[in-house]
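Each chain is listed here by its residues.
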Amino acid sequence: MMRVLNKPLLFSIAAVAGALAMPHAFKSPYYIHLMTLALIWIVLAQGQNLTQGFVGYVSIAQAGFMGIGAYISTLLTMNFGVSVWATLVIAPLLTGAMAIFAGYPSLRVKGHYFSIVTLAYNMVIFIVLMTFSALTGGEAGIPNVPRPSELTLFGHVFSFEGRSNLNYYALALTAAVLATTCCAFVLHSRAGRVMLAIRQNEDLAEAMGVVTSRYKLFAFVMSSILAGLAGTLYAHYIGFLNPEPFGVDQSLNIILAVILGGSGTLTGPIVGAVSVTFLPELLRFADSFRLITYGLILVVATIFLPKGLVPLVASMWRWLRASQPTGSHNKPVSKA
């Protein structure tokens, strides 16, 4: 039992250690900025994976809930003087409360009908953010969104000011680790097993007496809470907020991140989030063909890697392990 548990634990420790070492290996502010955005995307993708990977329901509203969290946090800090540290808790919880009212009726439909309903939610959220300019600033946006105040821990003062701040990178890394850990606990709990059963055969799960709507709503609300957390981190990191990053195209990118990494896995959203963050930047050499090349890569990956990169690498590793000769085969046969 301990051997089974130690492998994911050791992998997680190695991944966190590698993430902590990256800013020291790549000291360029540009790469630190991209890595911070990638960590925020990991929080988003892990939330998307709860509904898309675990339950099998594809939500196209993740960016919309991200926008709700971002604007709630920004308005609380700028209009009411609430601390950014407090909004890191308040904004995701309020986003989850709104998701309850949105998810309860929409989860009564199944399959692509659910996706269409959540698509409509995202469009409504985007339109409200764009047109309610008296509160949200509309297309002009809200400038000078504050960073978190200085934090004193163990006698050290940590400041979060600056474009490529290592302390903010550590804050985003902490959020990504917490989001992944939360999803791991959900996956290995009774709720997680029921969610996987719903993904496999919802009708059979209902026939067994499971109230599937309760677990689908739980996944949808948890996904929205993580989206609200990602939106809060994003708003206070970028320092300028307008509705553009919270449109339907952003929700589709989040879906693609989960598909590209591996839907239904814990490491897949991490790989997918890093990929969709860095790929467009690495393709800048293509200039005007950058977005076309990026789109083609995603299309090819979706067609030929339907299970994602992580399951592909895992299956190749198992195949290599199985193809290696065992110790018993290498022993010479003794002659009588």
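Rules used throughout
- Here the residue numbering is sequential within each chain, running from 1 through the sequence in written order.
- Given that the model is predicted, a residue must reach a pLDDT of at least 70 before its local features are reported, and side-chain atom pairs must reach 80 or more before they are shown or counted; all residues, however, enter totals for whole chains, interfaces and linings.
- Side-chain measures were taken over the full set of non-hydrogen atoms in the model, leaving aside hydrogen atoms and water.
- A 1.4 Å probe that fits into a set of points on a 1 Å grid over the protein atoms alone but cannot get out defines a cavity; an open set with protein on both sides within 12 Å along at least five of seven lines defines a pocket, and lining residues are those with an atom within 4 Å of a point.
- Grid points are joined across faces, edges and corners, and a volume is the space filled by probe spheres set on the points.
- Runs of H or I in DSSP of at least four residues are treated as helices and runs of E of at least two as strands, each being numbered from the N terminus.
- Throughout, the ten residues Ala, Val, Leu, Ile, Met, Phe, Trp, Tyr, Cys and Pro are labelled nonpolar, Asp, Glu, Lys and Arg are labelled charged, and all others, Gly among them, are labelled polar.
- Scored between 0 and 100, pLDDT is the confidence that the predictor attaches to each residue.
- Note on definitions: a residue-residue contact is assigned when non-hydrogen atoms from the two residues lie within 4.5 Å.
- Within this analysis, patches are made of residues with over 30% relative accessible area and no salt bridge. Like charges are joined at 9 Å or less; nonpolar side chains (Val, Leu, Ile, Met, Phe, Trp, Tyr) at 5 Å or less.
- The accessible surface values rely on the Shrake-Rupley method and a 1.4 Å probe; as for residues, cover is taken only from the protein chains in view.
- Criterion for a salt bridge: a side-chain nitrogen of Lys or Arg within 4 Å of a carboxyl oxygen of Asp or Glu.
- Working definition: a ring pair exists when centres of Phe, Tyr or Trp rings (six-membered ring for Trp) sit within 6.5 Å. Plane angles under 30 degrees give stacked, over 60 give edge-to-face, the rest tilted.
- The classification of residues rests on relative accessible area computed with a 1.4 Å probe and restricted to protein chains. Under 20% of the type maximum is buried, over 50% is exposed, and intermediate values are partly exposed.
- Among buried residues, the Ala, Val, Leu, Ile, Met, Phe, Trp, Tyr and Cys ones that are joined through side-chain atoms within 4.5 Å form a nonpolar core.
- Within 3.5 Å is the distance limit for a polar contact, defined as a pair of N or O atoms, with the added protein rule that one can donate a hydrogen and the other accept it, and that residues adjacent in sequence qualify only through two side-chain atoms.
- The arc in question is traced by the directions running from the helix axis to the C-beta atoms.

## What about empty space enclosed by the protein?
In total, this model carries 1 cavity of 30 Å³ or more according to the counting rule given. Within this model, the largest cavity holds a volume of roughly 30 Å³. What lines the largest cavity is simply Thr 51, Val 55, Tyr 57, Leu 107, Phe 114, Lys 216, Ala 219 and Phe 220. Looking at the lining of the largest cavity, the elements with two or more residues in it are α2 (29–55) and α10 (212–238). For the lining of the largest cavity, the element with the most residues is α10, which contributes 3 residues. Its residues placed into classes, the lining of the largest cavity shows 6 nonpolar, 1 polar and 1 charged.

## Brief notes about the confidence of the model for the chain
Taken as a whole, the chain shows an average pLDDT of 86; of its residues, 89% reach a score of 70 or greater. Between residues 1–6, whose pLDDT stays under 50, and residues either more than four places distant or in other chains, the model counts 0 contacts.

## Concerning a nonpolar patch on the surface
Together, Met 22, Phe 26, Tyr 30 and Tyr 31 give the surface a local cluster of nonpolar side chains, amounting to about 370 Å² of exposed area. Its place among the elements puts Tyr 31 in helix α2.

## Observations concerning the packing of aromatic side chains
Evaluated as defined, the whole model comprises 9 aromatic pairs. Between the aromatic rings of Tyr 57 and Phe 114, the centroid separation amounts to 5.2 Å while the plane-to-plane angle is 70°, which identifies the pairing as edge-to-face. With Tyr 57 in the loop between α2 and α3 (62–79) and Phe 114 in helix α5 (residues 112–131), the pair connects residues that are 57 residues apart, well separated along the chain. Take Phe 114: its relative accessible area is 0%, and that puts it in the buried class. Ring centres of Phe 65 and Phe 220 lie 5.7 Å apart, and the angle between their planes is 85°; on these two criteria the pair is classed as edge-to-face. Of the two residues, Phe 65 is situated in helix α3 and Phe 220 in helix α10; the sequence distance between them amounts to 155 residues. Residue classification places Phe 65 among the buried positions, given a relative accessible area of 3%. A relative accessible area of 2% places Phe 220 in the buried class. Taken together, Tyr 57, Phe 65, Phe 114 and Phe 220 form an aromatic cluster joined through their ring pairs.

## Considerations on the pattern of salt bridges
On inspection of all chains with the given rule, the structure shows 3 salt bridges. As a salt-bridge pair, Lys 110 and Glu 202 come within 4.0 Å of each other at their nearest N and O atoms. Residue Lys 110 is found in the loop between α4 (84–106) and α5, and its partner Glu 202 is found in helix α9 (residues 202–207); the two are separated by 92 residues along the sequence. Using a relative accessible area of 10% as the deciding quantity, one classes Glu 202 as buried. Where Lys 110 meets Asp 203, a salt bridge forms, and the shortest distance between an N and an O atom there is 3.4 Å. Here Lys 110, found in the loop between α4 and α5, pairs with Asp 203, found in helix α9; they are 93 residues apart in sequence, far enough to count as distant. Its relative accessible area of 51% is what places Asp 203 among the exposed residues. Residues joined in a network through salt bridges with shared partners are Lys 110, Glu 202, Asp 203 and Lys 216.

## Section: the side chain of Thr 74
Inspection of the secondary structure puts Thr 74 in helix α3. Overall, Thr 74 belongs to the buried group, its relative accessible area being 0%. For Thr 74, the contacting residues outside a window of four places in its chain are Ile 142, Val 145, Ala 235, His 236 and Leu 241.

## Section: the nonpolar core
Val 43, Leu 50, Phe 65, Met 195, Leu 233, Leu 241 and Phe 246 are the most contacted members of the largest nonpolar core, which has 76 residues in total. Excluding anything up to four places from it in sequence, Val 43 contacts Ala 175, Ala 176, Ala 179, Leu 226, Leu 229 and Ala 230.

## Focus on the side chain of Ser 251
Position of Ser 251 among the secondary structure elements: in helix α11 (residues 248–261). Ser 251 gets classed as buried once you look at its relative accessible area, which sits at 0%. Polar side-chain contacts of Ser 251 include one of 3.0 Å to the backbone nitrogen of Ala 63. Non-local contacts of Ser 251, meaning those with residues more than four positions away in its chain, are made with Ile 60, Ala 61, Gln 62, Ala 63, Gly 64 and Asn 122.

## Thoughts on helix α8 (residues 190–200)
When we look at burial in α8, the residues that qualify are Ala 191, Gly 192, Val 194, Met 195 and Ile 198. Buried residues along α8 cover an arc of 160° about the axis, so they all sit on one side. The outward face of α8, more than 90 degrees from its buried face, is lined by the exposed residues Arg 190, Arg 193 and Gln 200. Packed against the buried residues of α8 are α2, α7 (166–187), α9 and α10.

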